[in-house]
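Next come the chains, spelled out residue by residue.
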Amino acid sequence: MKIVVGSVCALLWLVYVGQFISSVNFPLAQRLGLQEKADDTDALASRLELGTARWDLLSLWTLPVACILLLMDHSWWPYMALIGGGVYVDTGGREAVKWLGLRSRGVRVGTPQEFRLAMGLFMFLVAVGAITIVLALVEVA
């Protein structure tokens, strides 16, 4: 189970790289499909996403590092997993609620397909974070 979770979590570096690209070159991220296209998104939502991408650079590294430590069977992995898992549960849940709230108020947050993809990603972050927390708690118990 640890190897499966560790391997899935290690893929979260891709999310981190996407947020890095979004932080340094938001138009490029839009062209690559990492962010919603400007034509389908209100300026407010785009500005929020840019700010989110920049904040994510400071926090989203935690769970991938925990998973690398898990794969290495390092003694610190459960503690990093508790921190990283909490960050990912918070990030995924907060972003989902933000997007749902913006959309319910008529703010354009991308195409319906982009919205579904984003919500899926947010729920994936929550699920991976929660599973990692449980696995870490079992390890330290």
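Here, the structure is the one placed above.
Here goes a summary of the coordinates provided.

The rules behind the values
Counting of residues starts from 1 at the beginning of each chain's written sequence and follows it residue by residue. Given that the model is predicted, a residue must reach a pLDDT of at least 70 before its local features are reported, and side-chain atom pairs must reach 80 or more before they are shown or counted; all residues, however, enter totals for whole chains, interfaces and linings. Water and hydrogen atoms play no part in the side-chain values, which are based on all heavy atoms of the structure. Residue exposure (1.4 Å probe, protein chains only): buried if accessible area is under 20% of the type maximum, exposed if over 50%, otherwise partly exposed. Numbering goes from the N terminus for both helices and strands, where a helix is a DSSP run of H or I of at least four residues and a strand is a run of E of at least two. Any two residues whose heavy atoms approach within 4.5 Å are treated as being in contact.

Below, the discussion takes up helix α5 (residues 62-71). Here α5 lies mainly inside the structure; 7 of its 10 residues are buried. If you check which residues of α5 are buried, you get T62, L63, P64, A66, C67, L69 and L70. Taken together, the buried residues of α5 touch α1 (2-10), α2 (13-24), α4 (43-59), α6 (77-104) and α7 (112-140). D73 lies just past α5 and shows a positive phi near 55°.

In this section: the side chain of E49. Relative to the helices and strands, E49 is located in helix α4. Note on E49: relative accessible area 9%, which makes it buried. Once residues lying within four places of it in the same chain are set aside, the contact partners of E49 are F26, Q35, E36, E95, K98 and W99.

Here the focus is the environment of L70. With respect to the helices and strands, the residue L70 is situated in helix α5. Judged by its relative accessible area of 5%, L70 falls in the buried class. Measuring from C-alpha to C-alpha, the distance between L70 and V138 comes to 13 Å, with 68 residues separating the pair along the chain. Non-local contacts of L70, meaning those with residues more than four positions away in its chain, are made with K2, V5, G6, W77 and L135.

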